[in-house]
Amino acid sequence: MIAYLDNSATTQSSIEVVEAMEQALREEYFNPSSLYAPAMRAEKAMNACRNEIRQALHTPSGQVVFTSGGTEANNLAIIGSVSAMHGPQRILVSQTEHPSVLGACEALEAAGHTVIRFPVDRQGQPVWETVEGAMREGVSLLSCMQVNNETGAMPDLARLSAMLRSLCPGALFHVDGVQGFLRVPMQASLADLYTLSGHKIHGPKGVGALWIRSGVRLKPRALGGGQEGGLRSGTENTPGIIGLGAAIRAMPGNAADVLAARKALLLGEIRSRIPDVRINGPLPEDAAPHILNLTFPGVRGEVLLHALEEAGVYVSTGSACSSKKRKLSPVLLAMGVPANDCEGALRFSLSPHTSEEEILYAAEQAGKAYELLKRFRRK
Amino acid sequence: MRKVLLVRFGEVHLKGLNRPYFLKKLVANVRRAVEPLGGRVWLSDSRIYVADAPDFDACAQRVRKVFGVHSVSPAVEMEKDLESICLAAEDMMRGKQGTFKVFGRRSDKTFPLDSMQLAAEIGGRVLESNPALKVDVHHPQHKLNVEIRDHAYLCVEEIPAVGGMPMGTGGKAMLLLSGGIDSPVAGYQIMNRGVMVQAVHFYSFPYTSERAKEKVLKLAKELGEYGNGMLVHVVPFTELQMQLHEKCPDELGTVLMRRYMMRIAERVARANGCQALITGESLGQVASQTMEALVCTDAAVNMPVFRPLIGLDKLEIIDIATAIGTYDTSILPYEDCCTVFTPRHPSTRPRIEDLEKAEALIDGERLTEEAVNGVETFRTWEMDL
């Protein structure tokens with residue numbers, strides 16, 4: 001049996017997506033920029049997908065730019081918005097952002113801008129004094145993720161947004177929604193820029209999007225034919241975009257509830273077998289409903305991962321491990337998780353398609369593997 | 001006139017009556033190396049020639065990795081006519097500047113000019129045609145070789161090759177390949193002596209991962225480029241490690257593990273017709289490589305253990321690893337994760353009596369047998385890595 005519990009890494013494309021893409025590849029292969037009628041069909045299909053995204057974000061307005069995925073959308077949001085401003089800017093981000101955000105910030109720093117990275121507490125919530133202090137000195141861009149990819153922590157976006165609007169009027173708020181889109185509700189009214197990705201919601205890899213509030217100015221990164229309103233040149237990935245639209249439509253409306261119930265089941269089953277398991281990050285009910293980060297005391301996360309792999313259970317570890325150099329997860333460390341617990345950390349991530357059988361099987365195998373491996377501790 | 005590769009061999013020259021045997025192997029190995037590129041190979045007058053290959057650079061790169069080859073020169077082969085030789089020489093030296101020397105060599109004694117006269121004549125012509133060149137017979141920057149054999153051969157460039165003895169003339173041996181920096185270098189050093197090397201790797205899933213195994217296979221493939229590919233025997237080792245950890249004194253853990261690795265390697269070696277083991281150990285590098293520890297590891301087997309890196313410094317080993325092209329793969333991560341099994345205070349002066357006492361605590365023979373039976377063998381030449 002296979003239990004795939006690494007849905008925050010990527011998901012299997014759903015049947016609806018595969019079928020929509022196959023049809024798009026076979027029949028709707030036209031370049032949307034061409035002048036004949038079939039090409040217009042491709043353009044219409046893309047626009048339909050833009051509408052799906054706006055609906056999911058509860059907004060009738062704003063521009064949706066398709067990209068190659070979350071990384072490109074984050075880069076465009078951060079570098080594109082700051083590059084469109086005049087003179088050196090101050091940018092505020094959390095310490096636990098995804099590398100595609102932190103990498104973009106480093107590039108801005110190298111270009112002479114100032115980046116302030118605020119810490120988070122053990123629950124993954126911003127340390128508010130730092131945020132407020134930075135905002136009082138003025139920032140022009142705030143970037144924060146909707147759901148932390150390693151722990152499922154959900155920073156209070158409403159409070160961040162309100163604070164930014166009152167202390168730095170005119171500043172932009174970018175939300176990286178790669179891990180949250182359609183699994184955690186999102187109101188576009190909170191943000192000015194929102195990143196999403198296809199392959200985390202059973203869509204295809206290689207497609208993502210950036211939602212941009214009307215009136216926000218961005219400087220494009222990919223130059224050329226002027227597609228996507230000049231913000232992202234290059235012939236549109238129509239099969240991917242059609243696949244993304246199908247994925248959005250196929251996502252169940254009650255995804256959050258389904259996920260929360262599955263996660264509770266998984267945690268309960270693991271706890272009943274391994275009472276001393278520890279939760280990293282926020283309490284499960286305060287975290288996103290599909291991510292569970294656990295520490296198995298006394299066993300290296302990577303070793304347990306491979307033991308589970310042998311049983312057909314696929315999960316991930318936040319920290320790469322090697323006897324020469326131990327690299328602990330900066331996110332877990334930033335959230336105050338002790339170094340020892342980081343070493344034993346495993347992330348289980350679910351999807352609405354994860355079955356109860358998969359969860360029961362995974363918990364059973366985790367129990368067995370832990371029982372065996374905990375006997376072998378370094379003496 | 002046509003392009004050829006002139007292949008010189010080194011140490012094989014030192015051989016006496018069995019020299020033809022070594023040469024035959026060498027020619028066969030060169031042939032095997034260039035065959036996929038369409039090159040034709042022959043031996044004449046104590047030189048190996050490669051001709052008729054569409055891509056001479058690729059051919060030269062392959063030939064320089066054939067053990068027993070001392071150097072490779074792209075050359076032109078032409079009729080033994082002095083005037084055309086001079087024209088070809090002028091052509092080869094066109095555009096060069098600095099100092100040069102012509103090395104003449106007349107094997108065909110019917111040719112009217114002797115070696116000295118030949119060099120003088122060609123040198124004069126080159127000087128006339130290229131005023132940017134000067135003669136320096138002691139430390140020339142460019143060496144123009146002119147050889148008169150069945151044909152005339154001219155070459156300027158000499159690409160150093162790996163040297164050593166032809167692969168297959170030195171028997172077979174089994175390398176303990178870990179995935180670190182040292183063991184591939186050790187394997188290379190012994191391959192260089194004409195030995196056909198196979199590898200054995202100890203795999204401790206889930207303490208090491210599939211990626212770590214891939215890395216070892218990739219290293220073996222890189223080493224195998226110096227021969228005709230490599231056989232890699234992957235041994236399941238987890239059970240033995242767990243037993244040692246559970247039942248034996250912690251401080252002896254590493255040496256006990258090494259002794260079982262050697263025993264298993266010895267059996268795999270014998271089953272594959274190998275006469276010796278090769279390890280990448282270097283005296284004193286880590287706790288299991290003190291002289292006392294090495295004595296104890298050796299005592300576990302009845303087979304010679306070659307340790308070509310025994311007197312080398314880590315930096316010297318890294319230099320060789322870089323030169324032979326295995327370093328970048330060796331330093332990839334995914335190394336073993338099994339610090340669980342690493343003693344905090346390993347014994348640096350283990351005594352054989354203590355080790356034997358510890359080994360009596362586990363069913364070593366059964367575990368060894370099971371590990372050997374579980375071997376999975378990979379052929380690097382069949383793999384895309």
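Everything numeric in this text was worked out from a predicted model, so none of it was measured.

## Let's talk about the sheet that holds strand 13 (residues 276-278) of chain B
Residues and elements named next belong to chain B.
Then step 1. Spatially, the six strands line up as an open sheet ordered 14-13-10-11-12-15, and their pairing is mixed. Whereas interior strands pair on both sides, the edge strands pair on one side only; in this sheet they are strand 14 (305-306) and strand 15 (376-379).
Then step 2. Where strand 12 (residues 231-236) lies against strand 15, four bridges are found, and the strand directions are antiparallel. In the sheet register, His233 faces strand 15, and the bridge partner there is Thr377.

## Looking at the packing of helix 2 (residues 37-56) of chain A against helix 7 (residues 238-250) of chain A
Residues and elements named next belong to chain A.
Then step 1. Packing of helix 2 against helix 7 leaves a shortest axis separation of 9 Å and a crossing angle of 40°. Two packed elements cross with a definite hand, and for helix 2 against helix 7 that hand is left-handed. Taken together, the residues of helix 7 that come into contact with helix 2 (itself represented by Ala42, Ala45, Met46, Cys49, Glu52 and Ile53) are Thr238, Ile241, Ile242, Leu244, Gly245, Ile248 and Arg249.
Then step 2. Tallied by class, residues from the contact of helix 2 with helix 7 come to nine nonpolar, two polar and two charged.

## Remarks on helix 8 (residues 255-273) of chain A
All names here are of chain A.
Then step 1. In this model helix 8 runs 27 Å from its N-terminal to its C-terminal C-alpha over 19 residues, within 8% of the 27 Å that 1.5 Å per residue would give.
Then step 2. Residues of helix 8 that are buried: Ala255, Leu259, Lys263, Leu266, Leu267 and Ile270. When helix 8 is viewed along its axis, its buried side chains cluster within an angular range of 95° and face the same direction. Relative to its buried face, helix 8 has exposed residues pointing more than 90 degrees away, namely Asp257, Ala264 and Ser272.
Then step 3. Where helix 8 is buried, its residues touch strand 9 (278-279), strand 10 (291-295), strand 12 (345-349) and helix 12 (356-373).

## A closer look at empty space enclosed by the protein
Then step 1. For the coordinates displayed, the defined rule picks out six cavities of 30 Å³ or more.
Then step 2. Here the largest cavity is characterised by a volume of approximately 100 Å³.
Then step 3. If you go around the largest cavity, the residues you meet are Lys379 of chain A together with Gln241, Leu244, His245, Cys248, Pro249, Asp250, Gly253, Thr254, Met257 and Phe341 of chain B.
Then step 4. Secondary structure elements with two or more residues in the lining of the largest cavity: helix 7 (238-247) and helix 8 (253-271) of chain B.

## Topic: the environment of Ser166 of chain A
Then step 1. Along the polypeptide, Ser166 of chain A turns up in helix 6 (residues 157-167).
Then step 2. C-alpha of Ser166 of chain A to C-alpha of Ala20 of chain A: the two residues are 146 residues apart in sequence and 44 Å apart in space.

## With respect to the sheet that holds strand 10 of chain A
Residues and elements named next belong to chain A.
Then step 1. Taken in spatial order, the three strands make up an open sheet running 9-10-12, and their pairing is antiparallel. Each edge of the open sheet is held by one strand with a lone partner, namely strand 9 and strand 12.
Then step 2. Note that strand 10 and strand 12 share five bridges and pair antiparallel. What sits directly across from Asn293, in strand 12, is Arg347.

## Points about the nonpolar core
All names here are of chain A.
Then step 1. By size, the foremost hydrophobic cluster in this structure holds 46 residues, and its most contacted members are Ile53, Phe66, Leu92, Met135, Phe173 and Leu244.
Then step 2. Ranked by the residues each element gives to this core, the list is headed by helix 7, at six residues.
Then step 3. With residues up to four places along the chain from it excluded, the contact list for Phe173 reads Leu142, Cys144, Leu157, Leu160, Ser161, Leu164, Arg165, Leu190, Ala191, Asp192 and Leu193.
Then step 4. Membership of the second largest hydrophobic core comes to 36 residues, among which are Ala307, Ala363, Ala366 and Phe376.

## Examining the domain arrangement of chain A
Residue and element names in this part refer to chain A.
Then step 1. Per the domain assignment, the segments making up chain A are domain 1 (15-250) and domain 2 (253-373).
Then step 2. Taken together, the contact between domain 1 and domain 2 spans 20 residues of the former and 27 residues of the latter.
Then step 3. In this assembly, domain 1 packs against domain 2 so that about 1,800 Å² is buried in total across both faces, 57% of it on carbon and sulfur atoms.
Then step 4. Linking domain 1 with domain 2 are zero salt bridges.
Then step 5. Our count for the domain 1 to domain 2 interface comes out at six residue pairs in polar contact (both at pLDDT 80 or more).
Then step 6. A class-by-class count of the residues in the side of domain 1 that touches domain 2 yields six nonpolar, 10 polar and four charged.

Criteria and cut-off values
- Residues numbered from 1 in each chain as written.
- Chains lettered and ligands numbered in written order.
- Predicted model: local features only at pLDDT ≥ 70, side-chain atom pairs only at ≥ 80, totals over all residues.
- Heavy atoms only, no water.
- Pairing = 2+ DSSP bridges.
- Helix = DSSP H or I, 4+ residues; strand = E, 2+ residues; numbered from the N terminus.
- Axes fitted to C-alpha atoms, helices over the stretch in contact; angles between N-to-C directions.
- Left-handed = near helix turned anticlockwise from the far one by under 90°.
- Contact = heavy atoms within 4.5 Å.
- Nonpolar A, V, L, I, M, F, W, Y, C, P; charged D, E, K, R; others polar.
- Expected span 1.5 Å × (residues − 1).
- Buried < 20%, exposed > 50% of the residue type's maximum accessible area, 1.4 Å probe, protein only.
- Arc of directions from axis to C-beta.
- 1 Å grid on protein atoms, 1.4 Å probe; cavity = no way out; pocket = protein on both sides within 12 Å on 5 of 7 lines; lining within 4 Å.
- Points joined across faces, edges and corners; volume = space filled by probe spheres on them.
- Core = buried A, V, L, I, M, F, W, Y, C linked by side-chain atoms within 4.5 Å.
- Domains from an automatic or database assignment.
- Buried area = accessible area lost by both parts, 1.4 Å probe.
- Salt bridge = Lys/Arg side-chain N within 4 Å of Asp/Glu carboxyl O.
- Polar contact = N/O pair within 3.5 Å; in protein donor to acceptor, adjacent residues only side chain to side chain.

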